[in-house]
Amino acid sequence: MTFQPLTSPPRATSLALLTAAMLAGLMLAYPHTASLSTLAALLDDTAILMLLACGQMTVLLTRGVDLSVAANVALTGMALALFNRHWPQPGVWPVLLLAPLLGALLGAVNGLLVWRLRVAPIVATLGTLAIYRGLVFVLSEGAWINSNQMSAGFLDFPRASRLGLTTLSWLALGGAACIGLWLRYGERGRNIRAAGDNPDAALYAGIDVGRSQFHAFVVSGALAGLCGYLWVARFGVAYTDVAQGFELQVIAACVIGGVSINGGVGTVAGVMLGCLFLGVLKNALPLLGLSPFWQMAVSGLALTIAVVVNARAPSSGRRSFIESRGSAS
Amino acid sequence: MNTSSSVAAHGRRATPPLPAWESALAVALLAVLALNSALSPYFLNAETLSDATWQFAEKGVIALPLALLVISGEIDISVAGIIALASVAMGLAAQAGCDTPVILAAALTTGALAGALNGFLVTVCGVSSIVATIGTMSLFRGGAYAILGDRAIKQYPESFAFFGQGYVVGLVSCELLAFVAMALLCAVVLHFTIAGRRIYAIGANPMTARFSGIHTGRHRFALFVAVGMASAVAAILLTSRLGSTRPSIAQGWELEIVSMVILGGVAVDGGRGSIAGVVLAVLLMGFLSFGFGLLNIPGIVMSIFVGLLLIAVVAVPHLLSRWRNR
């Protein structure tokens, strides 16, 4: 835990500088984009990624990984779209309550598998990824739910503008702040970081490591559930393949933001920067005249470079010794 | 605790006759076959069974060497991305008017290079393999999209169709032969060579293996290249069967292929697993999805069963051992 403030700021700062430089360069080269509304649109565009990445980071901190987030988004999104189609009268508030609850339930399944049945996180969430994705199809019978079948309140909530930013952006900023404060000052939040940083030491300190992993999966699931509603409302459509493959982008944003896959290392600020970095990259390509088909290749390249740089950065001594011994020549 | 148990298990499985897990898979496979033939009158004849091979041959060709890689303690998520990139390489070669041998060489070279990049990132740069291959997955698939965009390449020479559509002898398709050959190769390497023993040792405890004088990095690098080339072989079979290349080819296959490996009883943290188990898992998933197809049940519903199976594979033995120790 105490290594954290020593190693993370320089990395986060350099990423912030890089993102800012990219943004400034683009705005200088294309002056018509240099406005606050561009920045607001960028934030709106990356908001869902930010929320999901904050949840993913919480799981990564415990040495786990949650591959089922995108399937969770699709399943909760579909369930809530169906709910709204059948019961449009109550408006958006029950949806806002149900979304994180349903998502947390799906996350709790992951958490119980990992905590109680000792299934490796990657296997457990690979399994639930397939199950949740299949359930979306079963639930919808393969049909699409389009915006004309959703109520106006349901659709408008995330897009409504408040104090210059969309509700979606405010939710992302608020959610990230909550996760950041919880991980730093909350008892369970601190346990999560400790459990991932050194499980043996955490055990001796009286922390239930499995239980902390469970908490992390529930948080990740709740955020994914919320994003399920936000995704469906923002894009105005729910179908089986919603957010297909998005889990890997979420992990990519975390890794670029300096979160260690070996647990214990990562900050909300870094993750937000990782998301913004991917967002700027994605929005810059059309400006530079590259076809959108280049987006995946460029973000893949950025991710590959980022992981190599992160692997080279100094981390806590014990772990890097084992790794360099294990993988040298 | 974890390591010692996996070493013990490894010791027991050094010369596997047919251990418990593989027997369970075999029983499940027989049950699926019996169920299929009971539910569909068209299932149990040679032509249908031969048709069923395409359900698993292409994925199985990758799952087998991937099992070796997972036993050594690493994983490769980028296999489907390599298929896309290798398929694009073949398409470009075909577009340039090259003949079949050059097209095959283009695929295999691409696969080997892609695998080498993965191996380099993991063994030289020290990146954890799941993160490294998530990155290269979007790099490879993104490369395919960047080159092709929304176009498709279809002008393959006629002789190229043999690999995905042709039969070698009677009803033995070229795809089935490729799968059987790959299974034999992997079984011999893993169970009957020094390299195979070392792969187990590296996965069971990398540090001990390193201190015992095994070049852990070199073995892992070679396995990444092998998985890359196997993905190229799968790309050849798939592209030849479809007769066209699109950048979205084999989208999402990586999860199915990894599921096959885990279902086959290979431990995700390395050190345990057998080729017999993986072959049975590949057949099981292949015939399960083929049977679902005959019953007109969409593939996505079948993914629910695969997901449940995947979790049960790991959770049930744990529950059983806890129940026994009570």
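You'll find the structure just up there.
Rules and cut-offs
Residues numbered from 1 in each chain as written. Chains lettered and ligands numbered in written order. Predicted model: local features only at pLDDT ≥ 70, side-chain atom pairs only at ≥ 80, totals over all residues. Heavy atoms only, no water. Helix = DSSP H or I, 4+ residues; strand = E, 2+ residues; numbered from the N terminus. Expected span 1.5 Å × (residues − 1). Buried < 20%, exposed > 50% of the residue type's maximum accessible area, 1.4 Å probe, protein only. Polar contact = N/O pair within 3.5 Å; in protein donor to acceptor, adjacent residues only side chain to side chain. Phe/Tyr/Trp six-rings, centres within 6.5 Å; stacked < 30°, edge-to-face > 60°. Lys NZ or Arg CZ within 6 Å of the ring centre and 35° of its normal. Contact = heavy atoms within 4.5 Å. Buried area = accessible area lost by both parts, 1.4 Å probe. Salt bridge = Lys/Arg side-chain N within 4 Å of Asp/Glu carboxyl O. Nonpolar A, V, L, I, M, F, W, Y, C, P; charged D, E, K, R; others polar. Disulfide = S-S within 2.5 Å.

Visitor: Any chance you could explain helix H13 (residues 275-294) of chain B here in plain terms?
Guide: An α-helix turns once per 3.6 residues; consequently, residues spaced three or four apart project the same way. Residue and element names in this part refer to chain B. An ideal rise of 1.5 Å per residue puts 28 Å on 20 residues; H13 measures up with 28 Å between its terminal C-alpha atoms. Of all 20 residues in H13, 17 are buried; the element is thus mostly enclosed. Two or three places before Gly277, at the start of H13, stands the capping residue Ser274, its side-chain oxygen 3.2 Å from that residue's backbone nitrogen. Once H13 ends, the next one or two residues include Asn296, with phi positive near 65°.

Visitor: What is the right way to read the packing of aromatic side chains from this model?
Guide: Think of a pair of aromatic rings as described by two things: how far the centres are apart, and how the planes are tilted against each other in angle. Applying the stated criterion across every chain yields a total of 17 aromatic pairs over all chains. Judged by centre distance (5.6 Å) and plane angle (45°), the rings of Phe83 of chain A and Trp87 of chain A are tilted. Relative to Phe235 of chain A, the ring of Trp231 of chain A lies with its centre 5.3 Å away and its plane at 50°, an arrangement referred to as tilted. With Trp231 of chain A and Phe235 of chain A both in helix H10 (residues 209-235), this residue pair falls 4 residues apart, about one helical turn. An aromatic cluster of at least three residues, connected via ring pairs, comprises Phe43, Phe56, Phe179, Phe287 and Phe290 of chain B. A cation sits over an aromatic face here: Arg116 of chain A above Trp115 of chain A, 4.4 Å from the ring centre. Lys59 of chain B extends its terminal NZ or CZ atom over the ring of Trp253 of chain B, reaching a point 4.8 Å from the ring centre.

Visitor: Honestly, the side chain of Thr133 of chain B in this entry has me stumped. Any pointers?
Guide: Residues and elements named next belong to chain B. The residue Thr133 is located in helix H6 (residues 129-148) in this model. Residue Thr133 is classed as buried on the basis of its relative accessible area, which comes to 0%. Polar side-chain contacts of Thr133 include one of 3.1 Å to the backbone nitrogen of Ile77. Within the structure, Thr133 has its side chain in polar contact with the backbone oxygen of Ser129 (distance 2.8 Å). Beyond its immediate chain neighbours, meaning those up to four positions away, Thr133 contacts Ile75, Asp76, Ile77, Ser78, Asn118 and Phe224.

Visitor: Would you mind showing me how to read the interface of chain B and chain A here?
Guide: Interface size, as often reported, equals the accessible area lost upon joining of the parts. With 52 residues of chain B at the interface, the matching set in chain A holds 44 residues. For the pair chain B and chain A, the summed buried area comes to about 4,000 Å², and 80% of that belongs to carbon and sulfur atoms. For the pair chain B and chain A, the number of links is 0 salt bridges. Counting across the chain B and chain A interface gives 2 residue pairs in polar contact (both at pLDDT 80 or more). Mapped by element, the contributors of at least two residues to the side of chain B that touches chain A are helix H5 (100-124), H6, helix H10 (206-211), helix H11 (216-242), helix H12 (253-263) and helix H14 (299-324) of chain B. Among the residues forming the side of chain B that touches chain A, the class breakdown is 30 nonpolar, 16 polar and 6 charged.

Visitor: What should I look at first to understand the state of the cysteines in this one?
Guide: Applying the stated criterion across every chain, the model contains 0 disulfides over all chains. Cys227 of chain A forms no disulfide, and the closest cysteine sulfur to it belongs to Cys54 of chain A, at a distance of 9.5 Å.

Visitor: Looking at this model, I keep getting lost on the pattern of salt bridges. Mind explaining?
Guide: Any two side chains of opposite charge can pair, on the condition that their charged atoms come close. This structure, assessed with the given rule, holds 7 salt bridges over all chains. For Glu256 of chain B, the salt bridge goes to Lys59 of chain B, with nearest N and O atoms at 2.9 Å. One end of the pair, Glu256 of chain B, is in helix H12; the other, Lys59 of chain B, is in helix H3 (residues 46-71), with 197 residues separating them in the sequence. For Glu256 of chain B, a relative accessible area of 31% translates into the label partly exposed. Overall, the relative accessible area of 11% leaves Lys59 of chain B in the buried class. Measuring nitrogen to oxygen at the nearest pair gives 3.2 Å for the salt bridge that ties Arg220 of chain B to Glu74 of chain B. Taken together, the positions of Arg220 of chain B in helix H11 and Glu74 of chain B in the loop between H3 and helix H4 (79-95) put the pair 146 residues apart, joining distant regions of the chain. Accessibility assignment for this pair places Arg220 of chain B and Glu74 of chain B in one class, buried. Counted as one network, the salt bridges with shared partners bring together Asp44, Asp45, Arg234 and Lys282 of chain A.

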